[in-house]
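Each chain, written out:
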Number of protein chains: 2
Amino acid sequence: MPATPIDFYFDFASPYGYFAAREIDDLAARHGTHAVWRPFLLGAVFKHTGSAPNLAVPLRGAYFKRDVARIARLLDIPLVIPPSAPVRGVTASRAFYWLDGQDGALAKRFALAVYDAHWLEGRDIGQGEELAAVATALGLDPAAMAAGCDLPEIKDRLRQETDEAIARGAFGSPYCIVGDEPFWGWDRLPMLENWLAQGGW
Amino acid sequence: MPATPIDFYFDFASPYGYFAAREIDDLAARHGTHAVWRPFLLGAVFKHTGSAPNLAVPLRGAYFKRDVARIARLLDIPLVIPPSAPVRGVTASRAFYWLDGQDGALAKRFALAVYDAHWLEGRDIGQGEELAAVATALGLDPAAMAAGCDLPEIKDRLRQETDEAIARGAFGSPYCIVGDEPFWGWDRLPMLENWLAQGGW
């Protein structure tokens, strides 16, 4: 029986999604499987659940910044809290799916580069020119990418992925699903790994 | 310099608070310090932050049950989700503070027994008769305890502790504070331990 893949849902606005994105492929490979990267939009989730971004919730916002900084120190990642946080990940997500249709590995490299630009350099990856700069640095054609992001089928793809994420229970980022088993948060990756190692319980 | 104590805020309605309550004193002892147990009321927090109990939030409620069951399996705890969840912890919390004024160690034993009754046996510890049964099993006088819970200074104490928890940023349970450093969630206990081991960063 082939190994069950990991559906890896994440929003570019989520630093915990960033931490997970840096680890998920290696984690999957250690257990003979792979991760299917699926950016989605937490904004749509929050409408569905009546929630709000961490940064916008009293008390939680202040804690969130400390927690993220602490994890970054533990992982030795020179993270910054970008002035644009929480950023709109819609265009970056569309660009991901446009690339994914051509070259899945390249789409992942792009996603990591977008995440780095945002969480290491503090750049506003909600802006088209910042995404164009990331694309250029990867040797991609930014004009072709911008045109790809405007394709109706690409816009539909992101909408469908987001709807499916919600239908499958994803209320935060990262949200990993293996078979029917959901794992919310970077801090649940050890449990996900345990699950893969044992083939469930 | 004496070791900084751990302020351990928890709500009896919180299974993550239960997991932490079973571990926090041993964790503190390993680092030459102690935990100050401070039950508080998440209901007041939710009014302040505009949040709701996990079980009442779409998607999150379903995930929460699975996550709690999974952690219980990992820790080998025969946990049940009580029909009364999320329970009202107000009387149990008052009883804790009443006992705490007489015997801190006894108050902790009572808190753990209340937690066990709720999360292992599914009993509705929001009910006075269930709390009386827990008290009786510990050799306490349930009538004296019930009278203690009605004292104005005990009611004030719980109100003050809850207000102070919110003022210090506690938006969930468990919420541990060491000096000024907050750690939210059972899953942050390893980071808390790391913090104690290193004396900060």
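Above this note sits the structure.
Residues numbered from 1 in each chain as written. Chains lettered and ligands numbered in written order. Predicted model: local features only at pLDDT ≥ 70, side-chain atom pairs only at ≥ 80, totals over all residues. Heavy atoms only, no water.

S.K.: Where do I start with helix α7 (residues 128-137) of chain A in this structure?
M.R.: Each α-helix turn comprises 3.6 residues. Residues three or four places apart therefore point the same way. Residue and element names in this part refer to chain A. If you check which residues of α7 are buried, you get Leu131, Val134 and Ala135. Summarising the axial view, the buried residues of α7 lie within an arc of 100°, below the 170-degree limit, and thus occupy one face. Set apart from the buried face of α7 by more than 90 degrees, the exposed residues are Glu129 and Ala137. Contacts from the buried residues of α7 go to α5 (90-100), α6 (104-119) and α8 (142-149). Directly beyond the C-terminal end of α7, a positive phi value near 80° is found at glycine 139. (Buried < 20%, exposed > 50% of the residue type's maximum accessible area, 1.4 Å probe, protein only. Helix = DSSP H or I, 4+ residues; strand = E, 2+ residues; numbered from the N terminus. Arc of directions from axis to C-beta. Contact = heavy atoms within 4.5 Å.)

S.K.: Help me understand the environment of tyrosine 63 of chain A, please; the structure alone is not making it clear to me.
M.R.: Note on placement: tyrosine 63 of chain A falls in helix α4 (residues 60-75). In sequence terms tyrosine 63 of chain A and leucine 120 of chain A are 57 residues apart; their C-alpha atoms lie 20 Å from each other. Once residues within four sequence positions are removed from consideration, tyrosine 63 of chain A is found in contact with Arg70 of chain A together with Phe171, Tyr175, Pro182, Phe183, Trp184 and Arg188 of chain B.

S.K.: So what exactly am I meant to see when it comes to the relation of the copies chain A and chain B here?
M.R.: One copy of the chain maps onto the second through a rotation around an axis plus a translation along that axis. The two copies are related by a screw motion: chain A maps onto chain B through a turn of 180° and a shift of 0.0 Å along the axis, at an RMSD of 0.0 Å. Both copies are brought into coincidence by an operation consistent with a two-fold rotation axis. Looking at chain A, 100% of its interface residues are interface residues in chain B too, so the copies touch through the same face. (Least-squares fit on C-alpha atoms with pLDDT ≥ 70 in both.)

S.K.: Could you clarify how one ought to interpret the side chain of histidine 118 of chain B in this entry?
M.R.: The residue histidine 118 of chain B is located in helix α6 (residues 104-119) in this model. What histidine 118 of chain B contacts, discounting residues up to four positions off in sequence, is Phe12, Val80, Pro82, Ser84, Val87, Arg123 and Ile125 of chain B.

S.K.: For this particular structure, what's the right way to read helix α4 (residues 60-75) of chain B?
M.R.: Compared with an ideal rise of 1.5 Å per residue, which puts 16 residues at 22 Å, α4 of chain B spans 22 Å between its outermost C-alpha atoms and is within 8% of the ideal. Residues of α4 of chain B that are buried include every one of Arg60, Gly61, Tyr63, Phe64, Asp67, Val68, Arg70, Ile71 and Ala72 of chain B, and no others. At its buried positions, α4 of chain B is contacted by β3 (175-178), β4 (181-184) and α10 (189-198) of chain A together with α1 (15-21) of chain B. Backbone geometry just downstream of α4 of chain B places aspartate 76 of chain B in the positive-phi region, at approximately 60°. (Expected span 1.5 Å × (residues − 1).)

S.K.: I keep staring at the pairing of strand β2 (residues 35-39) of chain B and nothing clicks. Help me out?
M.R.: Each regular strand shows side chains that alternate between the opposite faces of the sheet. All names here are of chain B. Within β2, 4 of the 5 residues are buried, which leaves the element mostly enclosed by the surrounding structure. Here strand β1 (residues 6-10) pairs with β2 via 5 bridges, running parallel. What sits directly across from phenylalanine 8, in β2, is tryptophan 37. (Pairing = 2+ DSSP bridges.)

S.K.: Can you help me understand the sheet that holds strand β1 (residues 6-10) of chain A in this one?
M.R.: Hydrogen bonds between backbone groups are what pair the strands of a sheet, and the pairing can be parallel or antiparallel. All names here are of chain A. Taken together, the 4 strands give an open sheet; going across it, the order is β2-β1-β3-β4, and neighbouring strands pair in mixed fashion. Two strands in the sheet have a free side with no partner beyond their single neighbour: β2 (35-39) and β4. Strand after strand, the sheet turns through a mean of 20° between neighbouring axes, direction not considered. Of the strands in this sheet, β1 and β2 touch α6, which is tilted by about 50° from β2. (Axes fitted to C-alpha atoms, helices over the stretch in contact; angles between N-to-C directions.)

S.K.: Looking at this structure, how should I read unusual backbone geometry?
M.R.: A negative phi angle is the norm for most residues apart from glycine, just as the trans form is the norm for most peptide bonds. Residue serine 173 of chain A is joined to proline 174 of chain A through a cis peptide bond whose omega torsion reads 0°. Among the structural elements, proline 174 of chain A can be located in the loop between α9 (152-167) and β3. In this model, leucine 59 of chain B sits at a positive phi of 70°, which is unusual for a non-glycine residue. In this structure, leucine 59 of chain B sits in the loop between α3 (42-49) and α4. For aspartate 76 of chain B, which is not glycine, the phi dihedral falls at a positive 60°. Considering the arrangement of structural elements, one finds aspartate 76 of chain B in the loop between α4 and α5 (90-100). We classify aspartate 76 of chain B as exposed; its relative accessible area is 68%.

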